[in-house]
Amino acid sequence: MPLLDVEGLSVEYRTTQGSVQAVRGVSLSVEAGGSLGLVGESGCGKSTLARALIRVLPRNARITGGAVRLEGTDLLSLTEEEMNQYRWRKIAVVPQAAMDSLDPVHRVGNQMVETLRLRGGLTAVAARARAERLFQLVGLESRRLEHYPHEFSGGMKQRAVIAMALALDPSLLIADEPVTALDVIVQRQVLATLRQLRAELTLSLILITHDISVVAHLCQDVAVMYAGRVVERGTVRRVFAAPQHPYTMGLRNAFPSLRLHQMRLVPIEGYPPDLVAPPRGCAFAPRCPFVIAKCWDEDPPLVATESGHMAACHRANEAAVLSAGAPEAFARLERLAEEGPIRATGSGGLR
Amino acid sequence: MSAPLVEVQNLEKHYPLRAGFLASLAGERRVVHAVNGVSFSLPEGHSLGLAGESGCGKTTTGKLILGLLHPTAGTVRFEGQDVAQLAGAGLLAYRRQAQMVFQNPYEALNPRFTILRSLLEPLLIHKIGRDPVERVGLVADALRQVHLNPPEQFFLKYPHQLSGGQLQRTVIARALLVEPRLLIADEPVSMLDVSVRAGVLNLMREITSERRLTTVYISHDLALLRYMCDETAVMYLGTICEIGPTEEIIDHPHHPYTQALVAAVPDPDPDHMEQLVEIADTVPTPFELPVGCPFQDRCPKVMSICREERPPLLHVGPGHRVACHLYTTDRPHAPAPGLAATGPSGAHP
Amino acid sequence: MNESRPLSTVLVQYPRATAAWRAALAATWSIARRDRFALTGLIIYAVFLVVALAAPLVAPYPPQELTYLSNGDVDANAPMSRTHLLGTTNLGRDIFSQLLYGARAALMVGITAALGVVILGTLVGLVSGYYGGWVDTAIMRLADVAFGIPFLPMAIVLVAFLGPSIWNVVLVMTLLLWRDTGRVIRSQVLTLRERAYVEAARLLGASHFRIMFVHIAPNVLPLSFLYGSLAIGWAILTEASISFLGFGDPNVISWGSMLQDAYNSQALARQAFNWFVPPGITIMLTVMAGFFISRGYEELLFPRMRRR
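Residues numbered from 1 in each chain as written. Chains lettered and ligands numbered in written order. Predicted model: local features only at pLDDT ≥ 70, side-chain atom pairs only at ≥ 80, totals over all residues. Heavy atoms only, no water.

(A) Molecular detail of the overall build of chain A. Check the secondary structure of chain A and you find 11 helices and 12 strands. A compact globule built from 351 residues should have a C-alpha radius of gyration of about 20 Å, and chain A, at 21 Å, falls within 12% of that. With the C-alpha coordinates aligned to their principal axes, the bounding extent of chain A is approximately 70 × 45 × 40 Å. Within the span of chain A, comprising 351 residues, buried residues form 55% of the whole. Considering only intrachain contacts with a sequence separation of at least 6, the fraction spanning at least 24 residues in chain A is 64%. Carbon and sulfur atoms provide 51% of the accessible area of chain A, an area that totals close to 14600 Å². (Helix = DSSP H or I, 4+ residues; strand = E, 2+ residues; numbered from the N terminus. Rg over C-alpha atoms; globule rule 2.2 N^0.38 Å. Buried < 20%, exposed > 50% of the residue type's maximum accessible area, 1.4 Å probe, protein only. Contact = heavy atoms within 4.5 Å. Areas by Shrake-Rupley, 256 points an atom, 1.4 Å probe, with all protein chains shown as cover.)

(B) Just a nonpolar patch on the surface, in detail. All names here are of chain C. Nonpolar side chains collect at one region of the surface, where Leu49, Leu53, Ile111, Leu115, Ile119 and Leu123 lie side by side and expose about 530 Å² of accessible area between them. Among the secondary structure elements, those contributing two or more residues to the nonpolar patch are helix 4 (36–58) and helix 5 (95–131). At 4 residues, helix 5 tops the list of elements feeding residues into the nonpolar patch. On the secondary structure map, isoleucine 111 appears in helix 5. Accessibility expressed as a relative area gives 33% for isoleucine 111, which makes it partly exposed. (Patch = residues over 30% accessible without salt bridge, like charges linked within 9 Å, V, L, I, M, F, W, Y side chains within 5 Å. Salt bridge = Lys/Arg side-chain N within 4 Å of Asp/Glu carboxyl O.)

(C) Focus on the pattern of salt bridges. Under the defined criterion, the tally for this structure stands at 29 salt bridges over all chains. Ionic pairing is found between Asp141(B) and Arg144(B), a salt bridge with its closest N-O pair at 3.1 Å. Taken together, the positions of Asp141(B) and Arg144(B), both in helix 5 (residues 132–145) and 3 residues apart, correspond to about one turn of that helix. When its relative accessible area of 42% is taken as the criterion, Asp141(B) is described as partly exposed. As a salt-bridge pair, Arg141(C) and Asp144(C) come within 2.9 Å of each other at their nearest N and O atoms. On the criterion of helical spacing, the pair formed by Arg141(C) and Asp144(C) is a turn pair, its members being 3 residues apart in helix 6 (residues 133–148).

(D) Quick look at the side chain of Asn219(C). Mapped onto the elements, Asn219(C) comes out in helix 10 (residues 208–244). A relative accessible area of 9% places Asn219(C) in the buried class. A distance of 3.0 Å separates the side chain of Asn219(C) from the side chain of Asn110(B), its partner in a polar contact. What Asn219(C) contacts, discounting residues up to four positions off in sequence, is Asn110(B), Pro111(B), Arg112(B), Gln188(C), Leu192(C) and Tyr197(C). (Polar contact = N/O pair within 3.5 Å; in protein donor to acceptor, adjacent residues only side chain to side chain.)

(E) Region of the structure containing the packing of aromatic side chains. Residue and element names in this part refer to chain A. Applying the stated criterion to the full structure yields 14 aromatic pairs over all chains. Ring geometry for tyrosine 247 against phenylalanine 284: centres 5.4 Å apart, planes inclined by 65°, an arrangement best described as edge-to-face. Within this pair, whereas tyrosine 247 is found in helix 9 (residues 246–254), its partner phenylalanine 284 is found in the loop between helix 9 and helix 10 (293–297), the two being separated by 37 residues in sequence. Grouping residues by exposure puts tyrosine 247 and phenylalanine 284 together as buried. Among the aromatic side chains, those forming a connected cluster through ring pairs are Tyr226, Tyr247 and Phe284. The ring of phenylalanine 152 has arginine 144 lying over it, and the distance from NZ or CZ to the ring centre is 5.9 Å. (Phe/Tyr/Trp six-rings, centres within 6.5 Å; stacked < 30°, edge-to-face > 60°. Lys NZ or Arg CZ within 6 Å of the ring centre and 35° of its normal.)

(F) Representation of unusual backbone geometry. Residue and element names in this part refer to chain B. The amide bond that connects asparagine 149 to the next residue, proline 150, takes the cis arrangement and shows omega of -15°. Here glutamate 187, not a glycine, exhibits a phi torsion of approximately 45°, which is positive. One can find glutamate 187 in the loop between strand 7 (182–186) and helix 8 (194–210). On the basis of relative accessible area, glutamate 187 is assigned to the buried category, the value being 8%.

(G) Representation of the interface of chain B and chain A within the structure. Taken together, the 50 residues of chain B in the interface contact 42 residues of chain A. Buried surface at the junction of chain B and chain A, summed over both partners, amounts to about 4300 Å²; 58% is from carbon and sulfur atoms. Our count for the contact surface shared by chain B and chain A stands at 0 salt bridges. At the level of elements, helix 8, helix 9 (222–228), helix 10 (246–251) and helix 11 (256–264) of chain B are the ones that each hand at least two residues to the side of chain B that touches chain A. Considering every element that reaches the side of chain B that touches chain A, the biggest residue donor is helix 8 of chain B, with 9 residues. (Buried area = accessible area lost by both parts, 1.4 Å probe.)

This is how it looks when you write it as structure tokens:
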């Protein structure tokens, strides 16, 4: 049984413009000790999903369906009090920009000890010892417990925040954009820390990011999100070597890579759809160079094309051929876009 | 050979900090050495990348070139003219020659101005165009150039109604309206979504080649610089530690910092996991600069001379210079691990 | 929503497209529409404005005119009736008419003083915040002086010195009340000065003057408007205080002078509520309106992140 099993989760926000369907029927799972990368651009729903998993959504958000099973228990069916037993103890989250939310007027060590005593019920002495151990785990010297946040570098702050998240020994850690704001060398160090933690603590990890290279580096599995849905899922190796969804194919060519020596980057033209009125068919259709008539009418379900690899595309069985022609196909759209906006009614498609 | 368009010599920018009361009594003065001796030249049509992590002085260097800041020492010359000496009409003329693309597209446009109004601003300031009709026409042309079509659709919009990519294109259009010869791009895509970056980068490549613009790209992303720049200078704590053709720097990095930087860039291909070059994680402070090489506290190959003398920038290859004692003339060249040397990779020979 | 327009249509809309202050006003108006308090405040002001403009048409009697009874006596201290809606003063003047005409004085003073305060305060704030350095220090020390002076006594002294004309009252208020607006606008400018678009304007070659008045000013205008609306209320209150104390313009009927008259003729002892309560209420309403508007514009004072 997987450690975490999310099935058909849907979340909506009530806004002045209407109800935004931020997450639309997302299913994914994480094995014990596994690591899942959740990749997508801003607005695709990944942060909302993370918050929904531990039920800390803002007041105007509602979970409208689905189940979140942690070791068999559906977290969505728990009362707030019961849920509190799970937060920090079984699942911990390092939210986006967590390192900026360290209280600047308290020493970092005290902030950790406070958490440990309040949440873990430890005595002051035990909490202190645990704080030191946690700092060691993330590669920070224990003397740093006496320091204030401003004396830490970005990377150190991030590691301190990760240490805090691990305070009560959770089995699952969700990290939302943990390295985005960091310089590349420090980024690498934080990622190394995470990898080490996974090994030492048999920690399961969900890593949320827009940067696919970070996922490639750290995670075994990946789920690609677009417009509130998971459009592709599988092991990192397979998804990156042989993507089956056009969006994933497009992402590969849109990234400048140090090693691939790309002659030309190709953007994915167009914009994600407005989720107040999600489209009837595939949400990626207006931007997809391989769109066919069926894509506008029917939203493709996430189906397995081979063991462990799933994609939500009507043409997934042609993926190999399409993938080879993807750079050229997206480039054609790029040229078209230069002459006028791609309209949602679909001059974006090519047969 | 014609003179370079831009020439930077021994540029320095220091910010004095107010020391504590007792410290100032003792005559101590703390100084932030944001830029600490930078030199390079840009021939017309050339593209230079300034690489490095935050705090290395690359943005400050860019602003010094544009004349937005005055150097503490050293000079920036544009067509032979010292930029820091410009004032009045001369400075206004320089503003037509050198422009910038900003890092944050969401803040680079006045939120109370429509797009049309924002783009008219350079025309109005420099009195370009004889009447409103001509000016609006120029704005329309500029929007078309940055692929915001049809331009009229954008005239009456406000910045909050546009996406990040559209905003950045508008910023580029605004910079182009004065027909500059030098364009400095400060992290132009770091705040944009990943699938949008390629479009903006391609646009800049297209425009700079069409207009033979001289460009400086400031970025911490080496992969981006490889895509955009002929030459790259890697900066650390206000100095250039390595400079040369971008391909060369990335494939054969010589300076230990460059090596660490190159090795640290994560790769979208999971089969290529470079060995991390371990460097210490001390917080570099640009104001407690040690004597000698600025990288000494983090360098895995530090030697005693590094703590005494600052290494000069010396050639290690055609157009390729490094500031490191490992390569000073009386020493044999230390082996430089690079991409070409490691395992199975897709690199071309 | 996004139709493409031919160039000619756009040119016709050129002024609209290019006036940044229009955007500022539009933004100001939209905030007002959304908040009940701000809207109430604006409505109150609007009502008084209408009353002030329409006073000559609506008032049953000229405010200074003594009214007589059929037997030739002055109709003094008459109670509320159909001919005198709010009764008469001790000199037989119709109170209701005085109230209506009082609105004119109130608004005249309120609006001109508010304009003066806002313009002076905004100018000072812009210059001080933008230039910083010794200019800022000098101006802020001046502001400190202005803060230190007790307002009403100083106003009385100045009016006594310059003469009890209503315009002197306005002048005095402008000279002493610019400091609040000035300080707030200055802090706003200090923030805006660091924004990328200001740096961009500088890089495009805009002069300091241009940056201050074309680029930064539209962004502080909503705040100026806010302080202006507060200032109207305060100005009216101040004028009323000065008149009540007897230093106001004797030739102008204002709510304050009505209160003074009432006080001087022992209206309180005689329990002539019809005389002193109405002007008290109208003064209270205008000051309240100012506060309502400011409450509605709290968003401007404490902005929340409004990133799309």
